[in-house]
Amino acid sequence: MMEKVLEIEGMTCAHCVARVKSALEGVAGVTSAEVDLESGTAKLHLQAAVTDDVLEGAVEDAGYEIV
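The structure displayed is predicted, hence computed values, not measured ones.

Now for the UniProt feature "domain: HMA" (unreviewed entry) in the chain. With numbering aligned to this structure, UniProt lists the feature "domain: HMA" (unreviewed entry) at residues 2-67. As a span, residues 2-67 carries 33% helix and 35% strand, and end to end its C-alpha atoms are 21 Å apart.

And the structure:
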């Protein structure tokens, strides 16, 4: 299993965290996402290689940005 950490911009509350977590966990190959509001990061556990473009697209579709 692989891990990847992303810096997320624009999260301001627990609802934001839930939206980002849901968006990332909806990406094929992502088994889980731990999103932290305070640090502005998402730690992903991947079962397959996922490109940064795909992850960025999922986050942007949820209304946030990867830094």
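Another point: helix H1 (residues 14-25). Compared with the 16 Å implied by 1.5 Å per residue over twelve residues, the 16 Å span of H1 between its first and last C-alpha is a close match. Packing partners of the buried residues in H1 comprise strand E1 (2-9), strand E2 (30-36), strand E3 (41-46) and helix H2 (52-61).

On to the sheet that holds strand E4 (residues 65-66). The strand order across the open sheet formed by four strands is E2-E3-E1-E4, and the pairing between neighbours is antiparallel. This sheet does not close on itself; its edge strands, each paired only once, are E2 and E4. Pairing of E1 with E4 involves two bridges; the strand directions are antiparallel. Looking at E4, one finds that Glu-9 is bridged to Glu-65. In the packing of H1 onto the sheet, the strands contacted are E1, E2 and E3, and the crossing angle to E2 comes to about 160°.

Along the chain, His-45 turns up in strand E3. The exposure class of His-45 is buried, given its relative accessible area of 12%. Discounting residues that sit within four places of it in the chain, His-45 has contacts with Met-1, Met-2, Glu-3, Gly-29, Val-30, Thr-31, Ser-32 and Glu-34.

What counts and how
Residue positions are given per chain, counting from 1 as you read along its sequence in written order. It should be noted that, the model being predicted, local features are given only for residues of pLDDT at least 70 and side-chain atom pairs only at 80 or more, the latter also being counted only at that level, while totals for whole chains, interfaces and linings use all residues. Side-chain numbers come from the whole structure's heavy atoms, not from hydrogens or water. UniProt positions are given in the numbering used here, feature names are shortened, and annotations may be inferred rather than shown by experiment. In this text, helices come from DSSP runs of H or I with a minimum length of four residues, and strands from runs of E with a minimum of two, each type numbered from the N-terminal end. One less than the residue count of a helix, multiplied by 1.5 Å, gives the span that helix is expected to have. Working rule for contacts: check all heavy atoms of both residues, and any pair within 4.5 Å makes them a contact. At least two bridges found by DSSP between two strands are what make those strands a pair. Between N-to-C directions, angles span 0 to 180 degrees; the directions come from axes that are lines fitted to C-alpha atoms, helices contributing only their stretch in contact. Exposed residues in this analysis have more than 50% of their type's maximum accessible area, buried residues have under 20%, and partly exposed residues fall in between, with area computed by a 1.4 Å probe over protein chains only.

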